[in-house]
Amino acid sequence: MLPEAIWRLKCSDRDSVVMSHRTIHLFRKGLRLHDNPTLLGALACSAALFPVYVLDRTFLEGAMGLGPLRWRFILQSLEDLDARLRALGSRLYVLRGSTAAVLNDLVTRWGVTQISYDTEVEPYYACMEREIQALAQERGLQTYTHVSHTLYDVKRIVKANGGSPPLTYKKFLQVLSVLGEPEEPVRDVSAEDFLRCSPPAEPLHEQTYRVPSPADLGLELDSEVLWPGGETHALQRLHKHFQSQGWVANFSKARTVPNSLLPSTTGLSPYLSLGCLSVRTFYHRLRSVCAQSKNHSLPPVSLQGQVLWREFFYTVASATPNFTKMQGNPICLQIDWYHDPEALEKWRTAQTGFPWIDAIMTQLRQEGWIHHLARHAVACFLTRGDLWISWEEGMKVFEELLLDADYSVNAGNWMWLSASAFFHKYTRIFCPVRFGRRTDPQGQYVRKYLPVLKNFPSQYIYEPWKAPEDVQLSAGCIIGKDYPRPMVCHTEASQRNLGLMRQVRTEQQNTAELTRDVADDPMEAGLKRELQEEEELLEGAEQHGTSKRFSGDADHKSRPWTPETLQLSGEVM
Ligand code: FAD
């Protein structure tokens, strides 16, 4: 009998089924006890079960590019998991070393006969899974594995689409409509499940297997914890949102505010990305709210729509070679981006001289989370908007700094923002001055994250270089000395880049068509009017011949800001 069939039985009926395995349940993502089908299945066929997490530092920092904030988030999530396991009569065993070597050792030490783990799509996890399979074969062990990080087993979606991933969201939704709704979450793991199979605690358990602190790992972190890790916080956050059913039902992404001082969206992404929150639990809660509400919003802008974007990128990533790279990635435009480490460093360290961009990059560095449209702003600025630097560079910075950094979603969105795939209205370029000002004219967000500018009058907060000298003096901040001048002239850079992008897309039309959807870009609906103005402005410039000097010149670096370039750019900045 399969493990999932066993846990569906009543407890009294389970005794008649063989439950003799000594199992290691390997947590990787999926750090939770709700909707955890793999753990539930493993418990159902085990006489002893050891919940294990391997702190494989080389792997976590190498393959996954983990930065200090996400380290802390993971350690907190492990603490929480351990506490929740203890409440059910079990314990978490945290070990350090390479996963395969640690498992090999534990198999001998604990007389293990089975290893269970969630199946993941990332190539580095798939590689780890092959190592576990090889170990199992060598040592004569069973493996038990299940998909629980996505709504569906994405292989089913690919299969239903004829063996290749659907490359547009619209097509993706069509395939899902054939597959039907995702499975319901399974029941929570309970103390009863652990009754038979919690091995007696080892005398030195605390010293040997405890969750290390950030200091134990040599991580220096003195920033405030705004996003505490763990299932407990994930469920609290979820429940809090669902108390406002109207907000949930009417959620429309484009209407949320990128520069509000508290998140204007759910803020669940760090918890979803580490599996502290089950995406199926979230999805089915959303579904039931929508079922009770006559006029709820719809995908792609609704909350269900957001979760489906996640599923979309997971699906495409699972079946696209080199998904996180440009080279060898069949759906990605091949672009001759500039190699400009100095400009990249200014963007990374919030020194671009554009307060809106620098405030976002500061929030990212300090807190590990920024709003989706804020991600749009800085990603567009780095790539096709202003600096013409590869999306791969930006993706790596996000990977290090984001609490929710996610292999599939991060790369998918970076390709989108750089118009390398999925997004095609490339003439829409965000202005690093006007974008932030629309939703926060007083610049409260900029003042919070860039205190050096906090005394500027609102009129100048997004473009302090325009403030007369006496205003700069009384604000206590001289531009060029206390805060940098803009590193580029936005109008010039964006016009030049538009010409380059136009050329790339003409030359690589076939690739561009692969992920093209006739439907309008949903995320930008709320910004459409202003974006159209910008689009017109850029296209106007092209019609008037000013783009000629920019097109096709791949060696043309972004020109630094000077008073002369500012005059050229007119009022746009
Ligand atoms: P909500 O709006 O409340 O949405 C709920 C959930 O839906 C999110 O938690 C997330 O799991 C999913 N979701 C929302 N938007 C998207 C989207 N565009 N694509 C895929 N899934 C989505 N999100 C990540 O989780 N990890 C990343 O590494 C990541 N990198 C990004 C990089 C760039 C350049 C951009 C533009 C976006 C990126 N996103 C990433 C997507 C999105 O910005 C975040 O998921 C969202 O802002 C998280 O906040 P939230 O939980 O409040 O989202």
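Preceding this paragraph is the structure being described.
Scope of this entry: the structure provided in the associated data block. (Residues numbered from 1 in each chain as written. Predicted model: local features only at pLDDT ≥ 70, side-chain atom pairs only at ≥ 80, totals over all residues. Heavy atoms only, no water.)

What follows covers empty space enclosed by the protein. As enumerated under the stated definition, the model contains seven cavities of 30 Å³ or more in all. Approximately 750 Å³ is the volume attributed to the largest cavity. Broken down by secondary-structure element, the contributors of at least two residues to the lining of the largest cavity are α14 (269-273), α16 (303-318), α19 (372-385) and α21 (407-417). Of the residues that constitute the lining of the largest cavity, the class distribution is 19 nonpolar, 11 polar and five charged. By volume, the second largest cavity is sized at about 100 Å³. Residue lining of the second largest cavity: L26, F27, R28, Y53, V54, D56, F59, L60, T99, Y125 and M128, and that is the complete set. Looking at the lining of the second largest cavity, the elements with two or more residues in it are β1 (21-27), β2 (46-55), α4 (57-62) and α7 (123-139). (1 Å grid on protein atoms, 1.4 Å probe; cavity = no way out; pocket = protein on both sides within 12 Å on 5 of 7 lines; lining within 4 Å. Points joined across faces, edges and corners; volume = space filled by probe spheres on them. Helix = DSSP H or I, 4+ residues; strand = E, 2+ residues; numbered from the N terminus. Nonpolar A, V, L, I, M, F, W, Y, C, P; charged D, E, K, R; others polar.)

Another point: helix α20 (residues 391-401). Among the residues of α20, W391, E392, G394, M395, V397, F398 and L401 are the ones counted as buried. Lining the buried residues of α20 we find α5 (68-87), α17 (341-348), α18 (355-367), α19 and α21. If you check the start of α20, you find a side-chain oxygen 3.0 Å away from the backbone N of E392, and it comes from S390. (Buried < 20%, exposed > 50% of the residue type's maximum accessible area, 1.4 Å probe, protein only. Contact = heavy atoms within 4.5 Å. Polar contact = N/O pair within 3.5 Å; in protein donor to acceptor, adjacent residues only side chain to side chain.)

Summed over the entire model, instances satisfying the criterion amount to 20 salt bridges. Taking the shortest distance from any N to any O, the salt bridge between E120 and K29 comes out at 3.4 Å. Residue E120 is located in the loop between β4 (114-118) and α7, and its partner K29 is located in the loop between β1 and α3 (37-44); the two are separated by 91 residues in the primary sequence. R109 serves as the salt-bridge partner of D105, at 2.8 Å between the closest nitrogen and oxygen. A residue pair is termed a helical-turn pair when its members lie 3 or 4 positions apart in one helix, as D105 and R109 do in helix α6 (residues 99-110) at four residues. Beyond isolated ion pairs, a larger network of salt bridges with shared partners links D82, R86, R91 and E206. (Salt bridge = Lys/Arg side-chain N within 4 Å of Asp/Glu carboxyl O.)

This next bit is on the site of the ligand. Around the ligand there are 30 residues in total, and T265, T266, G267, H372 and D404 lie nearest to it. One of the side-chain nitrogen or oxygen atoms of W369 is found 3.3 Å away from an oxygen atom of the ligand. D406 places a polar main-chain atom, nitrogen or oxygen, 3.1 Å from an oxygen atom of the ligand. Taken by itself the ligand offers 820 Å² of open surface, and the protein chains cover 99% of this. (Near = heavy atom within 4 Å. Areas by Shrake-Rupley, 256 points an atom, 1.4 Å probe, with all protein chains shown as cover.)

Positionally, T168 belongs in the loop between α8 (154-160) and α9 (169-179). For T168, a relative accessible area of 13% puts it in the buried group. Leave out the neighbours within four places in its chain, and T168 touches F312, T515, R516 and D517.

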